[in-house]
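The lines below spell out each chain.
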Amino acid sequence: MNTHEYRSSNLRKGRVSLQNTYYHIIFCTHKRQKILANKEVSSIIFNTFDWLQTDKRLEWICIMVMPDHVHSVIKLEKNHVLSKVVQSMKLFSARKINQHLSREGSLWQKGYSDWGIRNVPTLNRIIRYCYMNPVREGLVKNPGDYPFWQCIYEMV
């Protein structure tokens, strides 16, 4: 088996951006550095998603900021390409976070993972998956206790 088959660039082959489609997106910090889960940094990430929404590139549904990665569920808006929207998110937030933390260099790992969401039951399951992530990671016992989470829906 050729090891080149599993390089991250191969993940982009066949990737399609469908406007008005919901996506679950995960992107990680460079070398999985645990620098995201604090009030100021998570606020920068939330504000970046708000900026992209105001700019009509996406509509965010939920955002979960973990110590070394971010889960988001978004709807890609008309006339936008998913890779460009994620690139904007990563570039803008990296500049602001690096400035806030007085650091230089790569903040985000190259690439990202995305899954198209085709129906409401899957959308609900993925939102619940994001919500429960801090519990699975052992950060809290009750997902409602985790502070670095935003969702347009109330979770019960």
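Right, let's walk through the structure included here.

The rules behind these values
- Residues numbered from 1 in each chain as written.
- Predicted model: local features only at pLDDT ≥ 70, side-chain atom pairs only at ≥ 80, totals over all residues.
- Heavy atoms only, no water.
- Helix = DSSP H or I, 4+ residues; strand = E, 2+ residues; numbered from the N terminus.
- Buried < 20%, exposed > 50% of the residue type's maximum accessible area, 1.4 Å probe, protein only.
- Contact = heavy atoms within 4.5 Å.
- Core = buried A, V, L, I, M, F, W, Y, C linked by side-chain atoms within 4.5 Å.
- Expected span 1.5 Å × (residues − 1).
- Polar contact = N/O pair within 3.5 Å; in protein donor to acceptor, adjacent residues only side chain to side chain.
- Pairing = 2+ DSSP bridges.
- Axes fitted to C-alpha atoms, helices over the stretch in contact; angles between N-to-C directions.

What follows is about the environment of Arg57. With respect to the secondary-structure elements, Arg57 resides in the loop between helix H2 (39–54) and strand E2 (58–65). By relative accessible area, Arg57 is classed as buried at 16%. Put simply, Arg57 and Lys75 are 18 residues apart on the chain and 8.8 Å apart in space, counted from C-alpha to C-alpha. Contact partners of Arg57, with chain neighbours within four places excluded, come to Trp51, Leu52, Lys75, Leu76, Glu77, His80, Val85 and Ser88.

Among the nonpolar cores identified, the biggest contains 43 residues, and Ile45, Phe49, Val73, Ile74, Trp108, Ile127 and Trp149 are the most heavily contacted of them. Taken together, the elements giving at least two residues each to this core come down to strand E1 (22–28), H2, E2, strand E3 (69–76), helix H3 (82–100), helix H4 (120–136) and strand E5 (149–151). It is E2 that contributes the most residues to this core, 7 residues altogether. Residues contacting Trp108, with those up to four places away along its chain left out, are Phe27, Cys28, Thr29, His30, Leu36, Ile45, Val70, Lys90, Ser93, Ala94 and Ile97.

In this section: H2. Helix length check: H2, at 16 residues, gives a terminal C-alpha distance of 22 Å against a target of 22 Å (1.5 Å per residue), a fit within 8%. Those residues of H2 that sit buried are Val41, Ser42, Ile44, Ile45, Phe46, Thr48, Phe49 and Leu52. Residues of H2 that are buried make contact with E1, E2, E3, H3 and E5. Sitting at the head of H2, Asn38 places a side-chain oxygen 3.1 Å from the backbone nitrogen of Glu40. Among the residues trailing H2, Lys56 stands out with phi positive, at a value near 60°.

In this section: the sheet that holds E3. Spatially, the 5 strands line up as an open sheet ordered E4-E1-E3-E2-E5, and their pairing is antiparallel. Because the sheet does not close on itself, it has two edges, and the strands there are strand E4 (113–117) and E5. When strand polarity is set aside, the average angle formed by the axes of neighbouring strands in this sheet is 20°. As defined by bridge partners, E2 adjoins E5 across 3 bridges and the pair is classed as antiparallel. Note that in E5 the partner of Ile63 across the bridge is Gln150. Of the strands in this sheet, E1, E2, E3 and E5 are in contact with H2, which crosses E2 at around 170°.

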